[in-house]
Every structure is written in structure tokens, then in C-alpha cells.
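If you want the building blocks of each chain, they are given just below.
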Amino acid sequence: MKEYKNVHVLNHPLICHKVAILRDENTGTKQFRELIEEITTLLTFESFNNVPTKTVKVKTPLEECEQQTVDGEIAIVPILRAGLGMVSGVHTLFPTAKVGHIGMYRDEQTLQPKEYYCKLPEGIEKMRVILLDPMLATGGSACDAIDLLKRRGCKDIKLMNVIGAPEGVERVAKAHPDVNVYIATLDRCLNENGYILPGLGDAGDRLFGTK
Ligand code: PRP
Ligand code: URA
């Protein structure tokens, strides 16, 4: 796959270790949920590497000093259902982040995303938005969700995925070059049903035990 400036594949040994367990068909719902959460925290850490900071004054027990804190309010937006499993992973680092929800499912025949729900925090257009979905397959859901956020005025959007297929990564990278995409690991391709290979199966079903 071509390299894109706005795509960051982490491939960190610790993340690869966790993704290997996540993929295993014998990994149960509880551990799957915990791993998604942990990987998301690591993705969040990396994705805030270059975030603007502001200077604040802090009084230690010994003296007053100037310190740097992350500037601006943060909104987390999971794409339902599977994105929900990533929310707590961001909250671990940003406990006061607001949460919006975008409901989308892929039509099994056409693989086109269908939006069925949307509730976003007031003033989201001024916030740093983190869009969450563990799986970036064709990229249709992510592109539609980003389009929706942009129509609502959002200007600072990051997308976080656990697994990306080259097809989906390229689609988002080309359609939204202003959106930085953070992916734990890049997989080989999609199968004829639009599932990522080797992937991990259906992320929503594995998170919520629905199959
Ligand atoms: C999955 C996944 C993404 C989408 C990715 O959701 O969580 O939202 O598919 O596919 P795409 O890149 O081809 O759009 P799904 O539609 O299975 O809904 P669910 O999370 O409710 O199970
Ligand atoms: N959605 C999933 O949950 N898994 C895939 O492999 C593709 C889309």
C-alpha cells in the first residue's frame, strides 16, 4: 500500500502482542473487551503526541511553576456498535471527554453503511473529535461518519481503528487528507464478504457476545 502522510500505523510490539490475542478465535468476550480498551488507550497516547498545549501555572508544595496541558475540549464519537468498546480506552486518559454516538451498520449485501442514530455533544464543532471504530474495512462507515461530523462543523477530527484493511485505509486517506488516522495494525485484504483478512471476525459480535 502507498504511504499516506495522514495514516499512522502503530505496529508497536506491545500493541502487536495484544492484537495477536485479540484475533484468536478462542479469546472470550471479557478478554476481547479488555484488549480493545487497552489498545485504544495506547492509540490515544500516540495520537496526542503532537497535540497543541497551553501553559498553566501550578503551585507545587515548593514553588509555583509553568506547566503544559492539552489545549481544547475533547469529544469521543464511537460508531455503533463496535466503536462503543473503545470509549473507555480514551476515557482512561481523558476522563472528562464528552461522548457523541453515531449509529451505523453495513448492509450485508451491498456493504453500504446505513446511518440509524446520531446524537452529538453541543458545541462539538469547537472540540477535538476522536472518531472510534475497531474495524476499517471498505472505509464506507468511517467516510460517512467523517462527512457527517464535517457537516456539523467539526474541523479537528482523528480516526482511531484497531485493524485496517488497505482498501479502507486508502479510501479514508484520499477522501479526508485532513483527518489523521491511527491504526494499531494493517491487515492483508478484504474477503468477498467485506471481512478483513486475517482480521478478527465481527468485532461487534465478539464485543457484545451476540453470536
Ligand atoms: C462494522 C465495523 C465498522 C464497519 C466497517 O460494523 O464496526 O463500523 O463494519 O466496515 P466498512 O469499513 O466496510 O464500512 P457493522 O456494520 O458490522 O455493525 P456493528 O458494529 O453494529 O456490528
Ligand atoms: N466489520 C467487522 O466487524 N469485521 C470485519 O472484518 C469487517 C467489518
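Up top is the structure these notes are about.
Residues numbered from 1 in each chain as written. Chains lettered and ligands numbered in written order. Predicted model: local features only at pLDDT ≥ 70, side-chain atom pairs only at ≥ 80, totals over all residues. Heavy atoms only, no water.

K.L.:
Looking at this structure, how should I read the overall build of the protein?
P.N.:
Within the protein one finds six helices and 13 strands. Here the C-alpha radius of gyration of the protein, 17 Å, is about what a compact globule of 211 residues would show, namely 17 Å. Viewed in the frame of its principal axes, the protein has a C-alpha envelope of about 60 × 35 × 35 Å. Looking at the protein as a whole, 47% of its 211 residues qualify as buried. (Helix = DSSP H or I, 4+ residues; strand = E, 2+ residues; numbered from the N terminus. Rg over C-alpha atoms; globule rule 2.2 N^0.38 Å. Buried < 20%, exposed > 50% of the residue type's maximum accessible area, 1.4 Å probe, protein only.)

K.L.:
Can you walk me through the site of ligand 2 in this structure?
P.N.:
With respect to spatial proximity, the complete set of residues near ligand 2 consists of Arg106, Met135, Ala137, Gly194, Tyr195, Ile196, Gly201, Asp202 and Ala203. The separation between an oxygen atom of ligand 2 and a polar main-chain atom of Ile196 is 2.8 Å. Relative to its unbound accessible surface of 240 Å², ligand 2 loses 88% to contact with the protein. Split into classes, the residues belonging to the shell around ligand 2 amount to five nonpolar, two polar and two charged. (Near = heavy atom within 4 Å. Polar contact = N/O pair within 3.5 Å; in protein donor to acceptor, adjacent residues only side chain to side chain. Areas by Shrake-Rupley, 256 points an atom, 1.4 Å probe, with all protein chains shown as cover. Nonpolar A, V, L, I, M, F, W, Y, C, P; charged D, E, K, R; others polar.)

K.L.:
Explain the site of ligand 1 here, please?
P.N.:
By nearness alone, 15 residues border ligand 1, and Arg106, Asp133, Thr138, Gly139 and Ser141 come closest of all. Contacts to ligand 1 include Thr138, whose side-chain N or O atom sits 2.5 Å from an oxygen atom. For ligand 1, an oxygen atom lies 2.8 Å from a polar atom in the backbone of Gly139. The protein chains hide 90% of the 500 Å² of surface that ligand 1 would expose on its own. At three residues, the largest contribution of residues to the shell around ligand 1 is made by strand S6 (residues 101-106). Split by residue class, the shell around ligand 1 holds seven nonpolar, four polar and four charged.

Just distances and angles here, no functional claims.
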